[in-house]
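Chain residues, written in single-letter form:
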Amino acid sequence: MTAPMQEREAPTAQKQRHGLSRLVHAFGYSLEGLRAGWGETALRQEMVAAVLLLPLAFWVGQSWLEVALLCGAVVLVLIVELLNTGIETAIDRIGPEWHALSKRAKDMGSAAVLLSLLLCGGIWAAALWHHFF
């Protein structure tokens, strides 16, 4: 249940902040977004994979560039998943009825996640091949 309107912050309040106050509030909103994303099964699964893969990147990577690429590919999957969840949430807020444009937006978000997963898998497969063979 949401708070009554008078207790909530005005939508433009963040735009009126400056300096450290703006950064602190923006950081808080980002943490709220991560907490909201944690409610999604796909993001939780990808976060578990990230917890395993990020430390592994320092063992598999043979240079700082390889480590950065391996880590970046994993983090990219998380970013794209969060954006996809945001798209789906916005579409669901509009209404539960089926609409061709809503389906298209959700399908494109899902395709973006798939591409990020394929990219990540390809980078990791190449690094593992190079590391072991």
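Residues numbered from 1 in each chain as written. Predicted model: local features only at pLDDT ≥ 70, side-chain atom pairs only at ≥ 80, totals over all residues. Heavy atoms only, no water.

Per an unreviewed UniProt entry, the chain goes by Diacylglycerol kinase and derives from Hydrogenophaga defluvii. You can read under Subcellular location (unreviewed entry) in the UniProt record for the chain the words "Cell inner membrane". A UniProt comment under Catalytic activity (unreviewed entry) is attached to the chain, and it reads "a 1,2-diacyl-sn-glycerol + ATP = a 1,2-diacyl-sn-glycero-3-phosphate + ADP + H(+)". (UniProt positions renumbered as here; feature names shortened; annotations may be inferred.)

K.L.:
Give me the lowdown on the overall build of the chain, citing residues and values where you can.
P.N.:
Helix and strand content of the chain: 5 helices and 0 strands. Mapped from its N terminus to its C terminus, the chain presents α and β elements in the order α-α-α-α-α. The C-alpha radius of gyration computed for the chain amounts to 19 Å, which surpasses the reference 14 Å derived for 133 residues by more than 25%, pointing to a less compact arrangement than a globule. Along the first, second and third principal axes, the C-alpha set of the chain runs to 65 × 45 × 20 Å. (Helix = DSSP H or I, 4+ residues; strand = E, 2+ residues; numbered from the N terminus. Rg over C-alpha atoms; globule rule 2.2 N^0.38 Å.)

K.L.:
Provide a residue-level description of the pattern of salt bridges, including the pertinent values.
P.N.:
For the structure on display, the rule yields 2 salt bridges. For Asp92, the salt bridge goes to Lys106, with nearest N and O atoms at 2.6 Å. On the criterion of sequence distance, the pair formed by Asp92 in helix H4 (residues 64-94) and Lys106 in helix H5 (residues 100-132) is long-range, its members being 14 residues apart. Under the relative-accessibility criterion, Asp92 is labelled partly exposed at 46%. Across the salt bridge formed by Asp107 and Lys103, the nearest N and O atoms sit 2.4 Å from each other. Separated by 4 residues within a single helix, Asp107 and Lys103 lie in helix H5, roughly one turn from each other. The exposure class assigned to Lys103 is partly exposed, which follows from its relative accessible area of 38%. (Salt bridge = Lys/Arg side-chain N within 4 Å of Asp/Glu carboxyl O. Buried < 20%, exposed > 50% of the residue type's maximum accessible area, 1.4 Å probe, protein only.)

K.L.:
Break down H5 for me, with residues and values.
P.N.:
Spacing of three or four residues puts side chains on the same side of an α-helix, whose turn is 3.6 residues. Its 33 residues place the ends of H5 47 Å apart at the C-alpha level, agreeing with the 48 Å of an ideal helix rising 1.5 Å per residue. Looking only at H5, the buried set comprises Ser102, Gly109, Val113, Ser116, Cys120, Ile123, Trp124 and Ala127. On its buried face, H5 sits against helix H3 (41-60) and H4. (Expected span 1.5 Å × (residues − 1). Contact = heavy atoms within 4.5 Å.)

K.L.:
Which residues make up the UniProt feature "transmembrane region" (unreviewed entry) in the chain, and what values do they have?
P.N.:
The UniProt feature table records "transmembrane region" (unreviewed entry) at residues 67-87 and 108-129. Secondary structure content for residues 67-87 is 100% helix and 0% strand, and the end C-alpha separation is 30 Å. Annotated as residues 108-129, this span is 100% helix and 0% strand, and its ends, taken at the C-alpha atoms, are 31 Å apart.

K.L.:
So what's going on with the confidence of the model for the chain? Which residues, and what values?
P.N.:
Averaged over the chain, the pLDDT score is 92; the fraction of residues at 70 or greater is 92%. A low-confidence stretch, residues 1-5 (pLDDT under 50), is modelled with 2 contacts involving residues beyond four sequence positions or located in other chains. (pLDDT = per-residue confidence, 0-100.)

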